[in-house]
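Each chain is listed here by its residues.
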Amino acid sequence: MRGLVVLVTLACFATAQPQALIDYLERRLLAIEDRISLWHEQTTRYASELRELKQQMVSQLETLDKEKEALRMNLDGVGTRVDRVERELDYLETQNGAQPCVDVDDKLIEQQVTLVKEKQKAKYSKLSDCSDMISSIKAMKILKRVGGPKGVWSKDTGRGSGKVYIFNDFARSLGLSLAKTVKLPSAWKGTGHVVYNNHAYYINQVDEITVVKYDMKNHSVTDSAVFPVQDHVPVYSLTPETVMDLAVDEEGLWAIYSTRQNDRHISLAKMDANSLDIEQMWDTNCPRENAEAAFIICGTLYVVYNTKQPGRSHVQCVFDVNDMVTNEEAPQVYFPKRYGAHSSLKYNPQEQLLYAWDDGYQILYKLIMKKKLEI
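Residues numbered from 1 in each chain as written. Predicted model: local features only at pLDDT ≥ 70, side-chain atom pairs only at ≥ 80, totals over all residues. Heavy atoms only, no water.

1. Remarks on unusual backbone geometry
Right, on to step 1. Residues other than glycine seldom take positive phi values, yet Asn198 does so here, at roughly 65°.
Right, on to step 2. Counting through the fold element by element, Asn198 comes out in the loop between β4 (194–196) and β5 (199–205).
Right, on to step 3. For Asp323, which is not glycine, the phi torsion reads 60° and is therefore positive.
Right, on to step 4. Relative to the elements of secondary structure, Asp323 occurs in the loop between β14 (313–320) and β15 (333–334). (Helix = DSSP H or I, 4+ residues; strand = E, 2+ residues; numbered from the N terminus.)

Dropping the structure here:
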């Protein structure tokens, strides 16, 4: 009986041991499956998060590229504005120089007066071989009416440009829908302005008369200079708003002006168009009284006076800087009958035309020329 009990116990033990092992292995397999499932879920989530992160990074990089381009453009704009401000400051410094802290030396004043007198006495050196003068006016063409009664219009007198430039208050004028407005950095005064070699030369007056040279292409002030004459008076008695009249001919840039010291007559100065320096000065015998405008051709000043007949005027005084023509020898040149009086006359040496402003009308005069030596 004892031997039988032992045998049954061993048999039960032998049967229970493989079952426990199987159960253990099953639990391990289930645990491994759970971990594999967890790893799969985590891998899937990580992959999804990486894709989202990649998309966010790509979007942020695109945004940074756009912001970088916008910043570059803004920096370029700031650089341009800084350059413009620097040019304006340079111009303002020329207009508002430092005030002297001591009295001006009398010797310096004497030197300036002597220099002006020397420029008035010196013989003029011609820059061209031009010897033409007006014989008569061939034709008159009235183009249109733009602006007020006082103004100036002309082409670029130094180039073959087809552009027409107008100085006038034409804010309410018709016929200028295609015109482009150029805003000058300082106020201009009168009708004595010209456009020469892509630069506008205009008159600014606050306390002193200043000639300003403005680059029409770069829209900046190239140079400016205070005209070295004091006590200015209007150069033409019939056009009192014109304190100085700039003109261009075959020789270059000129300034027509008058002073209180010689207020009965008109004076003339030759200017360097590049530096605005005064090269030479003359006191003419042409009176200011009843003068309405003037122009220059080949170094000869023609002053136009209003006659007693309405709308009629003629060249009554001629002054030649080369002494080739006297006022007595010059032919009498009469303008055709018009509306009022000339507020400006601008000669174009390229076309040999006079651009006239007459009571708001823009008029062209075709000139007939002759040689000075033929007189």
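2. Focus: the nonpolar core
Right, on to step 1. Core analysis: the largest hydrophobic core is formed by 25 residues, its most contacted members being Phe295, Ile297, Phe335, Tyr365 and Leu367.
Right, on to step 2. Elements that contribute at least two residues to this core include exactly β1 (132–145), β12 (291–297), β13 (300–306), β14, β16 (342–348), β17 (353–358) and β18 (361–371).
Right, on to step 3. Counting residues per element, this core draws most heavily on β18, at five residues.
Right, on to step 4. Each residue touching Ile297, except ones within four places of it in the same chain, is listed here: Asp132, Ile134, Asp249, Glu250, Tyr302, Tyr347, Leu367 and Met369. (Core = buried A, V, L, I, M, F, W, Y, C linked by side-chain atoms within 4.5 Å. Buried < 20%, exposed > 50% of the residue type's maximum accessible area, 1.4 Å probe, protein only. Contact = heavy atoms within 4.5 Å.)

3. Regarding the sheet that holds β18
Right, on to step 1. What the four strands build is an open sheet, ordered β1-β18-β17-β16; its pairing is antiparallel. Of all the strands in the sheet, just β1 and β16 have a single pairing partner and so form its edges. Strand-to-strand twist in this sheet, taken as the mean axis angle between neighbours without regard to direction, amounts to 20°.
Right, on to step 2. Here six bridges tie β17 to β18, and the two strands are oriented antiparallel to one another. The residue of β18 that forms the bridge with Leu354 is Tyr365. (Pairing = 2+ DSSP bridges. Axes fitted to C-alpha atoms, helices over the stretch in contact; angles between N-to-C directions.)

4. A closer look at the side chain of Ser343
Right, on to step 1. The residue Ser343 is located in strand β16 in this model.
Right, on to step 2. Classification of Ser343 by relative accessible area gives buried; the value is 1%.
Right, on to step 3. Within the structure, the side chain of Ser343 is placed 3.1 Å from the backbone oxygen of Gly151, a separation counted as a polar contact.
Right, on to step 4. Setting aside residues no more than four positions away along its own chain, Ser343 makes contact with Pro149, Lys150, Gly151, Thr191, Thr239 and Trp357. (Polar contact = N/O pair within 3.5 Å; in protein donor to acceptor, adjacent residues only side chain to side chain.)

5. Things to note about the sheet that holds β12
Right, on to step 1. If you walk across this open sheet you meet the four strands as β12-β13-β14-β15, and the pairing is antiparallel. Since the sheet does not close on itself, it has two edges, and those belong to β12 and β15, each with one partner.
Right, on to step 2. Sheet topology note: the β13/β14 ladder contains seven bridges and is antiparallel. If you follow Val303 over to β14, its bridge partner there is Cys317.

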